[in-house]
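# Working through the structure, step by step
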Amino acid sequence: RYQLEYPLNMPVSVELVYHIKRPATLNRKKCIDNLIPHSKRPDVDNLAKLTLDSMDEILYDDSLIHELKMIKYYCAKTGENANPKTIIRLEFLHG
């Protein structure tokens, strides 16, 4: 187990997963309950810019990001994925 010092000053791989509130039209009974791919505004690159710029206490500089994966969904109707949230996963790359 590593003892990390913040802000991190090492290359990282980042995965950002956005769960965006469902519009009322997707809450009807006939709509599926699971996560649904989100393809409307806000654009995923704008969400990522906001998220990464707010991580300055965790990551020294966003130029340290070697790889970036971004996904956005409408929330599920029920269960653990029913509430809007942002999931951030960091993988440390040792080189």
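Residues numbered from 1 in each chain as written. Predicted model: local features only at pLDDT ≥ 70, side-chain atom pairs only at ≥ 80, totals over all residues. Heavy atoms only, no water.

### Considering the state of the cysteines
Throughout the structure, instances matching the rule amount to zero disulfides. Note on Cys75: no disulfide assigned, nearest cysteine sulfur contributed by Cys31 at a separation of 14 Å. (Disulfide = S-S within 2.5 Å.)

### Description of the nonpolar core
The nonpolar side chains of a soluble globular protein tend to be buried, and buried together. One finds Val12, Val14, Leu16, Tyr18, Leu52, Leu59 and Ile65 to be the most contacted residues of the largest nonpolar core, which totals 13 residues. Contributing elements (two or more residues each) for this core: strand 1 (12-20) and helix 1 (44-53). Top element by residues in this core is strand 1. It accounts for five residues. Other than its neighbours up to four places away in sequence, Leu52 contacts Val14, Leu16, Asp62, Ile65 and Leu68. (Core = buried A, V, L, I, M, F, W, Y, C linked by side-chain atoms within 4.5 Å. Buried < 20%, exposed > 50% of the residue type's maximum accessible area, 1.4 Å probe, protein only. Helix = DSSP H or I, 4+ residues; strand = E, 2+ residues; numbered from the N terminus. Contact = heavy atoms within 4.5 Å.)

### Quick notes on the sheet that holds strand 4 (residues 85-92)
Read across the sheet, four strands follow the order 2-3-1-4 without closing on themselves; strand pairing throughout is mixed. Looking along the sheet, the strands with just one partner apiece sit at the ends: strand 2 (36-37) and strand 4. Across two bridges, the pairing between strand 2 and strand 3 (residues 65-74) is antiparallel. Residue pairing across strands places Ile36 opposite Tyr74, the latter belonging to strand 3. The strands that helix 1 touches are strand 1, strand 3 and strand 4; relative to strand 1, the one it contacts most, it runs at about 120°. (Pairing = 2+ DSSP bridges. Axes fitted to C-alpha atoms, helices over the stretch in contact; angles between N-to-C directions.)

### A word on the pairing of strand 1
Across the nine residues that make up strand 1, a large majority, nine, are buried. On strand 1, burial covers both faces: Val12, Val14, Leu16, Tyr18 and Ile20 on one face and Ser13, Glu15, Val17 and His19 on the other are all buried. Taken together, the nine bridges between strand 1 and strand 3 define a ladder with parallel strand orientation. Each bridged residue has a counterpart across the sheet, and for Leu16 the counterpart in strand 3 is Met70. Where strand 1 lies against strand 4, eight bridges are found, and the strand directions are antiparallel. Note that in strand 4 the partner of Val17 across the bridge is Ile87.

### Quick notes on the side chain of Thr51
Tracing the backbone through its elements, the reader meets Thr51 in helix 1. Residue contacts for Thr51: discarding those within four places in its chain leaves Leu16, Tyr18 and Ile88.

### Some thoughts on the environment of Leu4
Residue position: Leu4 is located in the segment before strand 1. Under the relative-accessibility criterion, Leu4 is labelled partly exposed at 26%. Ignoring sequence-local partners within four residues, the contact set of Leu4 consists of Met10 and Phe92.

All we've got here are geometric facts, nothing functional implied.
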